[in-house]
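# Commentary on secondary and tertiary structure
Chain by chain, the residues:
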Amino acid sequence: MAPSASCFPIPSTLQDLEREPYNLLPYPDDFNDDDDEARDDSFSALVRKVEHGNRYLTMQYDQQNNSGDDEDEEEDEQWMEEGRLQAIYTLVRKSASLKDETRDALVSLLCQAVKLIASSLNTISAKEGGEAVPQSFRDVFSCHMYMLYSLMFLLETNQGDAKVQESNERDMYVQAMLYAAQAMSECRQTLWQRGVADEAVILLPCRMVYPLLERATGVQARKAIGADDALQILAVTLYSTDSALSTITAALMDLMHSFEHMAPMVAELCTMVTEQPINRLAVELLREMGRLDGNDTKGNGVKFVAPFLPALAQVRPRLVLQHLTVILPHLQAETYYLRSALVQAIAHVLEYLGKNEMSAEHVAESPDGAEVSFIHNSSNSTKSRDALLQILAERVYDVTSFTRGATLKAWANLVMSNTLPKEMLLPVTKLAIDRLQDKTVVARKQAMVLLTMVLENNPFMGSLDPKPYNEKMRELYDYVKENMPADVKEAYKGSLEAAGDDPRSIFEAEQAALAAALEEAEIMLRDTPDELTEAQQTYCTKVQALKYTQSAIEFIELFEEATVALEGMLLSVNNSDVTEALHFFVQARHFQLPCAVTGMKRALALMWSTETAIRDEVLKAFIEVFLAQPGSEGSTLLPPRQIAKNLLILTNEATVSELASIEEAIQRLVKDSRIPEQVFLILWSIAKDGSGDFRAAALHLLAMAASADRSLIDSKSRLKLLLDAGLGEYTRERKDWKLAKAAAIVLQRVGRAKVDPTDAKYLVLEHIIEELCEVARGEWCDDKKTKDTLAWFSTAEETIKALFVISPEPETICREIIIGMSAVTFQDGYTDCNPLRLARFFHVLGHVALHLLVYTEGLSSVVRRANALKSLKKQEDVGKKKSRNQQRSVNDSSGSEEDAMEAELGMDAAIEADNERQLTDITEQEIIGRGIIGVYGPLLVRVVGNEGGAFASSNILMQASMLTLCKFMCVSGSFCEKHLPLLFTGLANAPPEDTTTRANTVVALGDLAFRFPNEVEPYTPRFYACLRDSSTKVRRHTLMVLTHLILNDMVKVKGQVCEIAICLQDNDLRIRDMARLLFHELSKRSNNPIYNLLPDIISQLSQLSMKKEDFRGIMSFLLGYIKKERQCEMLCEKLCQRYPNCKSTEQKGDLTYCIAQLKMTERMIKYLAENFKLYKDALHDTEVNKHMFSILSKARKLGKPELRQHLDSWEAHLNEVAKIGAENEAADKKASSARTRAKKKASKKSKLLQVVEEDELDIQSDNEAMDDEEAIMLPRSSKKPSRMGKKTAKVIDDEDDELEFASGESSPMPHSNNKASRKGKKKVKVIDDDEDDDENEFIDKENDRQILSSSRSSRRTRLS
């Protein structure tokens, strides 16, 4: 029997129900639409009608189920009764107009009806031997589901883009649709005749799910729409019919393309579907992923779809591995989203393989019942793992930083999950260290995270201190060396004999023997583990321990070699780099890596960062490393003694800059009460009874803490303890200048002493001042030990500083010190004194003068503030009196009183000016001029001048005298102006090896430029010249000083800035970084000085003989700061105007390179095209031509149609002129080569003819001698007049010029000899032709030989 046709096929739209075959009306005939009230009543009546029908039909189905009778088609028709269907349609169609209670009732009724029909389907299907339901039942089912779907769609659409809120209505219809979908899936054979499903009905629940999932953008929205039930609807529908898979897959791919949040939800859906025989949905989605266009960079489709891969691999890694070949080609995709997602998916698969590494086989059932081995054996598993690991290792060097970062993150996840193979630990660590040099923040951050994870999850012991490992390594190596197998030992001895005394050969022999012993032990353990003797087992255990120890040492060495890169992360301008580096060093300190201490010291310099977040991170790291229990994140502190020990170790070997940073951290911790008080008591005890340098370190720490809390030291008992510990017998006997210096630093935190003989504290301070004077005079110094004096210098500085802090009259104390030292220094007269004593004396003079200046200015500031307060009070009084006088009548007496007050205020201003003049007089005339210090000024100048080299034998004296001169000049402007030439002369004459003098002088010049800028300004070029000093230290100091002066506007940035630009390519990294910092700070200014300086920099650099790479590196960096279009245009015009003045093609190439680095604009293109003649003659050069075409390429990227014609014309012109220029250049080279060859040939021929002429002269002289002899031997009548023979050699060159050389006259010769002479008269014609160079060269040589041979023959004939 053929199935009957459906009377309710699923319509395309809701309005189609008003057409055939449905023929419904918009409203029932009895619908009252007169007003809103009547309309609402009509809607309510329709709802009641639907409700009544639901109750009636429910009772009928209950009776039917109880009786067990089959369903009747007449009962189904009651569901589809025309009045009921019309009421539902009208309510659904006008759902937006319904009241809330009416709409809620409608939703509830429809959900109830759908559930009831689905329940009936389940009941029918449960009966044994049940047949397919009639078509009327299917029509009822599809009708009510469609009505519910349409109602939901209209309600969700009306909400628009509003935030999703929880709704009981939504929960009801989602639950109803889920119930219906489950019924259709479970009762498939009962619902459809012959199992052929109506896809339109089956997919109705899915059509409801898609718009819901679109709005599940967050956790709250997901919960509000019931996303879990919605996904379950899709999972159930997949198995309702075979054709649903492709439709749902296409819909899901479309959703993932359109919405970013969908990918994880689709992966979650893949876990809900049935896995047996295979997860068809996941496989189909993976195939669709494989078909994606990886080169499509437009839109966000690929970006949104890509996260599905790692999400699926995380929950179904086995499935992804089985179909990995489908998606692996995306590793070559252009868009990085797919590459990054694939890398993450591979990481999840590797994590899965690592966790299941011990499993021998993983089996899944295939559809036909055969067994399909997922991984056939452990060997295949290892191969798959190794191949995937290799892919991850390659992706670390991906072209995109995001993919590199994703790969490093994948490695970190493998490490954190303990699934990274042990043999990959060292290679992964090397990869992470290498990526610390990455140019992007994303990759560097992930590299630091990976290193931290590797450190935290390392397979070695908790301590990574290399010392015990090295000791263990030597012990195990000796054991293995002594107990290695006999055959290996024999081969080792033979190798040693062959190596002889060569250390390299011996080392190679030892390594080869060790490798053989390790391999032998592995073979024994693998092949015969149960047959080993006890000695063999011990040997194999030792070998394994040796391998373990060797790996640990290599692991530690990797981090030690990366110390520079790790510390460089702390200097990054990016906060995330700094934060991750701090986290790493904290962990490294917990594992006792040696690089942790140096790294934390470098990190402490960030305490001076301008960013609060960085300072807080550094302080947090400081607490975790030195104060807190490891792993407690600062919440649990170490015992006080351990804290004191950690701080002492940190402080003991710290530099001056590190001590300043440590002090800043200690101050903040003391203010926040983070350091227990017991720690300071322990430090006091160590300062008194400790040993070695720890005494000084303890006092340093106390001084740091006292900067925040003076009560720690400012008491009689503590001062007495300080006197005994830092300035007592212990210090005197050992001449411990470091301890005395630490005591002086502590005293600088004590307040100034008040003169009170009855106060115990004053008496202790008086005693301390006496001891400080003794230290300042250097009475403990040994004049025969240079190191003693060098150690005293810094101690004397801190001592004098302490005297100016605690002494009630420091100027008097310093006068006594100077007089005492003068008596000791010059006790043998001014002509003969110890250079070390004189150096110490000069040092004290300079430091006292400097502190007197500071002290005087401090007193002046106190007076100035007091006068200001007094004047302010008087002004307030005058103001009050004026206000009172305005309220009452003004009389003469009040006016005169106000005038008196104003006159008094004017006197105050005069007094203030007088105080300023007095201060200037003291600083200019008193300290250096009329005072006791000024007495020794001429002596100091004479020593610095070093006339005749009398003082050159003592470097310490010259350094101290130069520094003292600088300090004197800082005090007095007149003294500075007078002796600046001497200072620069001393700087120029300093020995090359004496970098200390030059570095100190440069720093002092910075102070002088800050204090007396007008006096120093004429010497600025000589200041900049120090940037070319051979010493890195001097260059670094010079650049640092200039940076401070320029940024503080104390030195104007002039043409000499070219010297700073050259520092961008300095060999020293710190100098390069400082130069970059200077230009970076200059670029932040509103006027951007770099723009104004660039033309001069380019001009000067082009004239210097520097490498092309260096020039371009400098200009590429500087031109990067020119970002405004107007500045680019003006700079382009300025550079173009310089083409005619260029003296070489290289300079034109440099200019063109600079123009090519600028951001192209329309105006620049037109200017370059219009001023073609400026650079026309340089286009033949390859570099110029290349850069011009790069400019043209940039211009075309602007994409402006109006420029296209200009660009085409300009390009044609460039090509034409470049071709002509290249031809001319080739012709010039050819002509130049020809001229060079002609000159060489002319030179050779002139030399040849000169030889011929010399031979002729020799022959002539011989003939004359022979004639004289004949005149003696023969009678006079026998003499005949001799015939003068004349030989001519003619050479015709390229210009047909002829040169004739006469050999002179000669006496007659025999006929045979005359032939030879005639041969000498032969003309030699040389024709130069480029096409016959080789032949002509041969002819030239042959003719030269003929000339020489004829000349020599003639000479022999005459001599014979």
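Residues numbered from 1 in each chain as written. Predicted model: local features only at pLDDT ≥ 70, side-chain atom pairs only at ≥ 80, totals over all residues. Heavy atoms only, no water.

## Describing the overall build of the chain
Note the threshold: Helix numbers and strand numbers start at the N terminus; a helix is a DSSP run of H or I with at least 4 residues, a strand a run of E with at least 2. In this scheme, a residue with accessible area under 20% of its type's maximum is buried, one over 50% is exposed, and one in between is partly exposed, where area comes from a 1.4 Å probe on protein chains only. It only takes one pair of heavy atoms within 4.5 Å for two residues to be counted as in contact. For every accessible area listed, the method is Shrake-Rupley and the probe measures 1.4 Å; residues are considered covered only by the protein chains on display.
A tally of helices and strands in the chain yields 63 helices and five strands. When each of the 1360 residues of the chain is scored for burial, the buried share is 47%. Relative to all contacts within the chain whose residues are 6 or more apart in sequence, the contacts with residues 24 or more apart total 71%. Roughly 68600 Å² of accessible area belongs to the chain as shown, and the carbon and sulfur atoms make up 50% of that amount.

## Some details on the nonpolar core
Counted only if it meets this: We define a nonpolar core as any set of buried Ala, Val, Leu, Ile, Met, Phe, Trp, Tyr and Cys residues linked to one another through side-chain atoms lying within 4.5 Å.
In terms of nonpolar packing, the biggest core is built from 409 residues, with Trp-411 and Met-1115 touching the most fellow members. In contact with Trp-411, not counting residues within four places along its chain, are Leu-389, Leu-392, Ala-393, Val-396, Leu-420, Met-424, Val-428, Leu-431 and Leu-450.

## Considerations on the layout of surface pockets
Operational definition: Only protein atoms enter the 1 Å grid used here. Points where a 1.4 Å probe fits but cannot escape make up a cavity, open sets with protein on both sides within 12 Å along at least five of seven lines make up a pocket, and a residue lines them when an atom lies within 4 Å of a point. Grid points are joined across faces, edges and corners, and a volume is the space filled by probe spheres set on the points.
Here the largest pocket defines a volume of roughly 2600 Å³. In terms of lining, the largest pocket is formed by 47 residues, of which the most central are Leu-570, Leu-571, Asp-1073, Met-1074 and Leu-1077. Looking at the lining of the largest pocket, the elements that each hand over two or more residues are helix H28 (563–570), helix H29 (575–590), helix H30 (594–604), helix H33 (656–671), helix H51 (1032–1047) and helix H53 (1069–1083). No other element matches H53, which puts eight residues into the lining of the largest pocket.

## So, the packing of aromatic side chains
What describes a pair of aromatic rings is the distance from one ring centre to the other and the angle between the planes of the rings. For the record, the criterion: Pairing of aromatic rings covers Phe, Tyr and Trp, the last through its six-membered ring, and needs centres within 6.5 Å; plane angles under 30 degrees mean stacked, over 60 mean edge-to-face, and all others mean tilted. Working rule: Lys NZ or Arg CZ, within 6 Å of ring centre, within 35 degrees of ring normal, means a charge sits over the ring.
Scanning the model with the defined rule gives 25 aromatic pairs in all. Seen in terms of ring centroids, Phe-826 and Phe-841 are 5.6 Å apart; in terms of plane orientation they differ by 90°. Their pairing is edge-to-face. Residue Phe-826 is found in the loop between helix H41 (810–825) and helix H42 (835–887), and its partner Phe-841 is found in helix H42; the two are separated by 15 residues along the sequence. Taken individually, Phe-826 and Phe-841 each receive the classification buried, so the pair is uniform in this respect. Each residue in the set Phe-460, Tyr-548, Phe-555, Phe-559, Phe-584 and Phe-585 is aromatic and connected to the rest through ring pairs, giving one cluster. The ring of Tyr-479 carries the charged tip of Lys-542 above its face, separated from the ring centre by 5.5 Å. In this structure, Arg-695 packs its charged tip against the face of Tyr-730, placed 3.7 Å from the ring centre.

## Some thoughts on the confidence of the model for the chain
Threshold: The score called pLDDT rates the predictor's confidence residue by residue, from a low of 0 to a high of 100.
Model confidence for the chain is summarised by a mean pLDDT of 81, while 84% of its residues fall at 70 or above. Here strand S4 (residues 1298–1302) stands out as the least confident element of the chain, with mean pLDDT 33; helix H21 (residues 401–416) is the most confident, with 94. Scored below 50 in pLDDT, residues 1268–1360 makes 112 contacts in the model with residues more than four places away or belonging to other chains.

## Considerations on the environment of Leu-388
By the secondary structure assignment, Leu-388 is in helix H20 (residues 378–395). If we skip the residues at most four places from it in the chain, Leu-388 touches Leu-321, Leu-324, Ile-346, Val-349, Leu-350 and Leu-353.

## Digging into the environment of Arg-942
Relative to the assigned elements, Arg-942 resides in helix H45 (residues 937–945). The spacing of Arg-942 and Ser-961 is 19 residues in sequence and 9.7 Å in space, taken between C-alpha atoms. With residues up to four places along the chain from it excluded, the contact list for Arg-942 reads Glu-947 and Phe-951.

## Considerations on helix H60 (residues 1182–1196)
Put simply, the rule is: Helix span, as expected, comes to 1.5 Å for every residue beyond the first. Side-chain atoms alone can form a polar contact between residues adjacent in sequence; in general such a contact is a pair of N or O atoms within 3.5 Å, and within protein one must be able to donate a hydrogen while the other accepts it.
For H60, with 15 residues, the first-to-last C-alpha span of 21 Å sits near the 21 Å given by 1.5 Å per residue. Restricting attention to buried positions, one finds in H60 the residues Glu-1183, Val-1184, His-1187, Met-1188, Ile-1191, Leu-1192 and Ala-1195. Of the residues that open H60, the one with a side-chain oxygen 3.1 Å from the backbone nitrogen of Glu-1183 is Asp-1181.

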